[in-house]
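# Coordinate inspection notes
Residues per chain, in single letters:
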Amino acid sequence: MYDVVVVGAGPAGSMAAKTAAENGLKVLLVEKRQEIGTPVRCAEGISRENVERFFEVDKKWIAAEVTGAKIYAPDKTEVVMSEEMAGNEVGYVLERKIFDRFIAREAAKAGAEVYVKTACTDFERRNGFVRVKLRRMGEEWDVEARILIGADGVESKIGRKAGIIKTLKMNDIESCVQYLMTGLDIDQSYTYFYLGREVAPGGYAWIFPKGNSSANVGIGVLPKMAEKTAREYLDAFIEREGIEGKVVEVVAGAVPVYGEIETAVSDNIMLVGDAAFHADPITGGGIANALAGGYYAGKVAAEAVKKGDFSAGFLRKYDELWKDDFGKKLKRNKKLQLKFLEMDDATINKLAASISGKNLSEMSIRAIVTELIKAHPRLLWDLKSIFI
Ligand SMILES: Cc1cc2nc3c(=O)[nH]c(=O)nc-3n(C[C@H](O)[C@H](O)[C@H](O)COP(=O)(O)OP(=O)(O)OC[C@H]3O[C@@H](n4cnc5c(N)ncnc54)[C@H](O)[C@@H]3O)c2cc1C
């Protein structure tokens, strides 16, 4: 009998497995792909503080360090946030192939068993524990666990089967496509964000530098608002911006932009990372919350084992921890996302023009929105209570 079986070795699952194992639990981490960390479905940006909170940074998994961000309105009005003014919304562009493997290795080092090419195909609760069905290369077998942690990403089957989450609606999911491009002529010390309905309806396009004149060039769109595929929007964006370079990798994926779910637990089960819709509704960033959620789930699993209580009632301690940490921000940014979805390109141009050239005191969404509210109190009045 395992104390914890974790399904999915992304940042959330590996972090949960690492933390649970460090707290003395018997842990199994399973990953259906043959290699942890590939294929990468991510633009790989994360703030400095969100990595440094958990790990001593290793240069091996940092592709680029950025010192600022440039945001472009549909008419190309530029809003710049630079290091001197900045906290750090984006500080590193990771090499996730290496980063994800590093965390899984840390979990193994702490004592977790790690099986790759092993899928969880089903599970059922029985007399206070969970029987988890696994499959590896045609071979099928069951293991038992006191706690099952679903870290199986945005399409989490565990979350749906456990009745914790429902399939996402078209307004709560960003459809993304990204090219890794090389031979680019860009300033590698910035991340770039491009807004507007025409460029990326319901989302944005991005360029995140990866060193050596390469970068992740991608786009996220809200399928409900889009008239073309995400890939068609990305190709149009690249042409519009005159970006010249070679595409050496293509990835497509989805990001949950749901906001805060009521609970991420049920009896014997916790969801972490994208499986719990923990990505940010505005930025689509999910690595930071995946790490934090995984950490809290691992901690609460250890407390549950100590108490011998695996009920939803006890596991709600995990809900309290993630809600206290980043739940409020998910809720707030969902409100902001819905507000932005109402805006046409002319309004976004007007907003950007009003803060372009301003010395933003902090590199964060809060700082930008606070400035926007000051400049346009009538337009953004309903956001006042949550941002100022
Ligand atoms: C195009 C794109 C760009 C993004 N850019 C950024 C960014 O710049 N910054 C940022 O912070 N976030 C970004 N995100 C979001 C970020 O990638 C996710 O939030 C993050 O990966 C979530 O981590 P996770 O561990 O929850 O899930 P994942 O990383 O999705 O890991 C889930 C793992 O579970 C495995 N799995 C699934 N089902 C099973 C099963 N049944 N059995 C065994 N294993 C299973 C999968 O193979 C996978 O390895 C982006 C997402 C996309 C799609």
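Below you will find a few notes about this structure.

## Overview of the pattern of salt bridges
- Summed over all chains, the structure comprises 26 salt bridges.
- In this structure, Asp325 and Arg53 form a salt bridge, with 2.5 Å as the shortest nitrogen-oxygen distance. With Asp325 in helix H7 (residues 312-341) and Arg53 in the loop between helix H2 (48-52) and strand S4 (62-65), the pair connects residues that are 272 residues apart, well separated along the chain.
- Under the relative-accessibility criterion, Asp325 is labelled partly exposed at 30%.
- On the basis of relative accessibility, which here comes to 39%, the residue Arg53 falls in the partly exposed class.
- Here Lys317 and Glu303 are joined by a salt bridge, their closest N and O atoms 3.0 Å apart.

## Regarding helix H5 (residues 230-241)
- Here H5 contains 12 residues, and its C-alpha end-to-end distance of 16 Å stays within 8% of the 16 Å for a straight helix at 1.5 Å per residue.
- Taken together, the buried positions of H5 are Ala230, Tyr233, Leu234, Phe237 and Ile238. Across the axial projection of H5, the buried residues extend over an arc of 135°, all falling on one side.
- Along its buried surface, H5 packs onto strand S12 (173-182), strand S13 (190-194), strand S14 (204-209) and strand S15 (214-221).

## A short note on the site of the ligand
- Around the ligand, 34 residues are found, and the nearest of them are Glu31, Ala43, Gly45, Arg96 and Asp274.
- One of the backbone N or O atoms of Ala12 is found 3.0 Å from an oxygen atom in the ligand.
- Lys32 is positioned with one of its backbone polar atoms (N or O) 3.1 Å from a nitrogen atom of the ligand.
- Within the complex, the protein chains bury 89% of what would otherwise be the 1000 Å² of accessible surface of the ligand.
- Those elements giving two or more residues to the shell around the ligand turn out to be helix H1 (11-22), strand S9 (118-126), S14, strand S16 (246-256) and helix H6 (287-307).
- When its residues are assigned to classes, the shell around the ligand shows 16 nonpolar, 10 polar and 8 charged.

## What to know about the sheet that holds S16
- Across the sheet, 7 strands lie side by side as S6-S5-S13-S14-S15-S12-S16; this open sheet has mixed pairing. Bordering the open sheet on either side are strand S6 (78-82) and S16, each of which pairs with just one other strand. Averaged over neighbouring strand pairs, the angle between their axes works out to 15° when direction is ignored.
- Bridge count for strand S5 (residues 68-72) against S13 is 5 bridges, and the pairing is parallel.

## So, the side chain of Thr77
- For Thr77, the position within the fold is in the loop between S5 and S6.
- A relative accessible area of 17% means that Thr77 is categorised as buried.
- Within the structure, the side chain of Thr77 is placed 2.7 Å from the side chain of Asp75, a separation counted as a polar contact.
- Ignoring anything within four residues of it in the chain, the contact list for Thr77 reads Ile71, Tyr72, Ala352, Ala353 and Ser356.

## Some words on H1
- The terminal C-alpha atoms of H1 lie 16 Å apart, and with 12 residues this matches the ideal 16 Å at 1.5 Å per residue to within 8%.
- Along H1, the residues classified as buried are Pro11, Ala12, Gly13, Ser14, Met15, Ala16, Ala17, Lys18, Thr19, Ala20 and Ala21.
- Looking at the buried side of H1, the elements it contacts are strand S1 (2-7), strand S2 (27-30), helix H3 (96-109), strand S11 (139-150) and H6.
- Two residues or fewer past H1, Gly24 is found with a positive phi of approximately 90°.

## A few points about the nonpolar core
- In this structure, Met270 and Tyr318 are the most contacted members of the largest nonpolar core, which totals 79 residues.
- When residues of this core are assigned to their parent elements, the largest contribution, 11 residues, is made by H6.
- Contacts of Tyr318, omitting those with residues within four sequence positions, involve Ala264, Val265, Met270, Leu271, Val272, His278, Gly293, Tyr296, Ala297 and Val300.
- Counting residues in each nonpolar core, the second largest holds 30 residues, with Val79, Ala279, Ile355 and Ile368 among its members.

Calculation criteria
- Residues numbered from 1 in each chain as written.
- Predicted model: local features only at pLDDT ≥ 70, side-chain atom pairs only at ≥ 80, totals over all residues.
- Heavy atoms only, no water.
- Salt bridge = Lys/Arg side-chain N within 4 Å of Asp/Glu carboxyl O.
- Helix = DSSP H or I, 4+ residues; strand = E, 2+ residues; numbered from the N terminus.
- Buried < 20%, exposed > 50% of the residue type's maximum accessible area, 1.4 Å probe, protein only.
- Expected span 1.5 Å × (residues − 1).
- Arc of directions from axis to C-beta.
- Contact = heavy atoms within 4.5 Å.
- Near = heavy atom within 4 Å.
- Polar contact = N/O pair within 3.5 Å; in protein donor to acceptor, adjacent residues only side chain to side chain.
- Areas by Shrake-Rupley, 256 points an atom, 1.4 Å probe, with all protein chains shown as cover.
- Nonpolar A, V, L, I, M, F, W, Y, C, P; charged D, E, K, R; others polar.
- Pairing = 2+ DSSP bridges.
- Axes fitted to C-alpha atoms, helices over the stretch in contact; angles between N-to-C directions.
- Core = buried A, V, L, I, M, F, W, Y, C linked by side-chain atoms within 4.5 Å.

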